[in-house]
Amino acid sequence: MNTTTVNDTAGHHDHDHDHAPAGLMRWLTSTNHKDIGTLYLWFSLFMFFFAGALAMLIRAELFQPGLQYVQPAVFNQLTTMHGLIMIFGAIMPSLVGFANWQVPLMIGAPDMAFPRLNNWSFWLLPAAGTLLIATFFVPGGAISGGWTMYPPLYMQGGIAYDISILAVHILGVSSIMGAINIIVTILNMRAPGMTLMKMPLFVWTWLITAFLLVAVMPVLACAITMLLTDRNFGTHFFDAAGGGDPVMFQHVFWFFGHPEVYIMILPAFGIVSTILPTFARKPLFGYVSMVYAVASIAFLSFIVWAHHMFTTGMPLGGQLFFMYTTMLIAIPTGIKVFNWVATLWRGSISFETPMLFSLAFVILFTIGGFSGLVLALVPVDIQLQDTYYVVAHFHYVLFSGSAMAIMAGVYYWLPKWTGHMYDEKLGKLHFWLTAIAFNITFFPMHFLGLAGMPRRIPDYALQFADFNAIASVGGLLLGASQLLFLYIVVKCARGGAPAGDQPWEGADTLEWTLSSPPPYHSFVTPPLVK
Amino acid sequence: MSVSVNTSMPVRSHRQLLIKLLAVIALAFAFGFALVPLYDVFCQVTGLNGKTGAKPGTLGLAGISKPVTAPPSSIDRSRTVTVEFMGTVMPGLPWEMTPLTSSLDLHPGELQQAMFRVRNLSDKTIVGQAIPSVSPGLAAQHFEKLDCFCFAQQTLAPGETKDMPLTFIVKPELDKDIRTITLAYAFFIVTDTNPAAKNLASR
């Protein structure tokens, strides 16, 4: 894929920017938004498989009660690192990869606003990823206190904990730089005539996401800096021996953590809001209300954090406040779901792979939203805290939400990015395997949680055996199906039927006015948007 | 730089926006640290985090002001509150701690005493400090310790066993909804290299 892009563009682009180095140096030094977008996407795909492999070990261990393959200490490392890498290594970088590829193309800009910063924000990621993976090999093993890094457990571990703090710091810096780049690009570099309210919804969701990143990533940096100084420099932010309070960490962490949840889902909303109108051959229903819904979700995300901590002991007034604000989020989210359904209403729908993934997103994400509403109820949450119900809930919003929307976006834009059509038959097979295996894996977890099975344990009571066996079969199938995804992407990148400039007849955003693949430098002369 | 701003495009300043965004990031970072004193003040006012000795409504830091031991105004014999006691030893301290009084039923306002047995399992003289925590957190402000082994550091000789008393009053102002209070102690090791812990006097 790499070389074909160079060759393709060299033909019809011989102006002064084309003295880019070839081979490895091209990728190391590239400031081109398309190159960097590609790097982000490959990086996140690698991390997706790495963290997915950890999940396979988890499911293999949980296939039957008792200890089979891994010791409890290793099991805890697996769950912790699976969460941490999937969030910071797979979902977030892939969405930034989409932003890099698509935001300039969709607003008619020649590149990102700060191309060198862009290069740097990508190349920090492999460093951080290597550090994280390396912790498996240090004395004491990787971090094992859960991806939320709660003290006092987090204070008691070995060197891996300090390495992870450094890695998360680097990831945070990378995210912040990416967010700055995206905000400046969107606000300053739109093509003439493209007012804010004419921007494609994907661009809107990323603008709001970037503001969330700028506001909360520094707060995460604070929380882990305090962990670092508590561990190494004798401070007592969270250490009760010196008058600190471990619960305070949870407050600071979730003040970052809840907006983080929406950082991972809002761009996914944007992708789905782009794909549904294309294959329903109708404009998006309620564009303005969609924009306001995204903005209100972003605002509400700042005032709901303590619903993650109902069991830490909170006055009734606090519980009620966080319960009501959490339930309030259902309103803008409901607006979005209804708008998606209304977009489909009386559309001329065709079911290509991106559309299948997007439709599954709408249905399965809504299920995840509903289980979120159940968890928002204080009396229920106190029963379900740290059970498999929570695991089921956040996999419905993160896998069938974010990850499946990302896959939808990959299938949708691959023809544009590579110039080749992907294998539609295999794509559909991948979709059906993923959707079915996903539900086999995670739907039984609702029942497990309601029956009281706690999360983050390598062994369990006998009555949970059947549902766990089902979930493990589904999980291994889900993991294996993703190899098909890798095969389809590689196959499409290496060749295939030419896609043409406009492979989807219903698509009307600016990137489809360019050739497929787009020239290395696109929109050097900005298009005029009417 | 590949960004050549086309003349037909309105030129907006990247630098200006960048500076504003950097200011937002700096503010957000500062806000994260400001959450620490804010949280302390919030807990001081509400008594949320179960730290005893704090006077709700006053901003004196816990551990600095001495407890005001007003005589109990009255004993509320109309209700009974159960107080449960727990003792834990934090990692790194080779001690053992058992509450000799596991729970007490009392009327708010009554003067009560509970005993804890602490044993040094090692062959060294070790200094430890107990840190109390009250659940539910809102009960902490009405849990008054008149005398407690946690007011000072405790030294145990090798193999020594000590019974440590706690004298307390649950004030009658305690919420009617609270029927059970749990008082948990965690013993921490006091090391010479840790000046913060050395100056510690916890209530």
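Analysis parameters
- Residues numbered from 1 in each chain as written.
- Chains lettered and ligands numbered in written order.
- Predicted model: local features only at pLDDT ≥ 70, side-chain atom pairs only at ≥ 80, totals over all residues.
- Heavy atoms only, no water.
- UniProt positions renumbered as here; feature names shortened; annotations may be inferred.
- Helix = DSSP H or I, 4+ residues; strand = E, 2+ residues; numbered from the N terminus.
- Polar contact = N/O pair within 3.5 Å; in protein donor to acceptor, adjacent residues only side chain to side chain.
- Buried < 20%, exposed > 50% of the residue type's maximum accessible area, 1.4 Å probe, protein only.
- Pairing = 2+ DSSP bridges.
- pLDDT = per-residue confidence, 0-100.
- Contact = heavy atoms within 4.5 Å.
- Salt bridge = Lys/Arg side-chain N within 4 Å of Asp/Glu carboxyl O.

- The name given to chain B in an unreviewed UniProt entry is Cytochrome c oxidase assembly protein CtaG, with Candidatus Propionivibrio dominans as the source organism.
- Among the UniProt annotations of chain B, the heading Sequence similarities (unreviewed entry) holds the following wording: "Belongs to the COX11/CtaG family."
- Per UniProt, chain B carries the Function (unreviewed entry) text "Exerts its effect at some terminal stage of cytochrome c oxidase synthesis, probably by being involved in the insertion of the copper B into subunit I."

- Going by an unreviewed UniProt entry, chain A carries the name Cytochrome c oxidase subunit 1 and comes from Candidatus Propionivibrio dominans.
- Taken directly from UniProt, the Sequence similarities (unreviewed entry) text for chain A runs: "Belongs to the heme-copper respiratory oxidase family."
- UniProt lists a comment for chain A under the heading Pathway (unreviewed entry), and it reads "Energy metabolism; oxidative phosphorylation."

### Quick notes on the side chain of Thr 343 of chain A
- Note on placement: Thr 343 of chain A falls in helix H12 (residues 330–344).
- In this structure the side chain of Thr 343 of chain A is engaged in a polar contact, spanning 2.6 Å, whose partner is the backbone oxygen of Asn 339 of chain A.

### Some words on the pairing of strand S4 (residues 111–120) of chain B
All names here are of chain B.
- Alternating residues of S4 divide into Gln 112, Ala 114, Phe 116, Val 118 and Asn 120, all buried, and Leu 111, Gln 113, Met 115, Arg 117 and Arg 119, none buried.
- Bridge count for strand S2 (residues 95–99) against S4 is 5 bridges, and the pairing is antiparallel. Along S4, the bridge assignment pairs Trp 95 with Asn 120.

### Observations concerning the confidence of the model for chain A
- For chain A, the mean per-residue pLDDT works out to 93, and 96% of the residues sit at or above 70.
- Across residues 1–16 of chain A, confidence stays below pLDDT 50; counting only partners more than four residues off in sequence or on other chains, it has 20 contacts.

### Some details on the pattern of salt bridges
- In total, this model carries 11 salt bridges over all chains according to the counting rule given.
- Asp 162 of chain A serves as the salt-bridge partner of Arg 231 of chain A, at 2.9 Å between the closest nitrogen and oxygen. Here Arg 231 of chain A is found in helix H8 (residues 201–232), whereas its partner Asp 162 of chain A is found in helix H7 (residues 159–188), with 69 residues between them in sequence.
- The shortest N-O distance in the salt bridge between Arg 119 of chain B and Glu 96 of chain B comes to 3.5 Å. Here Arg 119 of chain B is found in strand S4, whereas its partner Glu 96 of chain B is found in strand S2, with 23 residues between them in sequence.
- Judged by its relative accessible area of 35%, Arg 119 of chain B is partly exposed.
- Because the salt bridges share partners, they merge into one network encompassing Asp 76, Arg 79 and Lys 176 of chain B.

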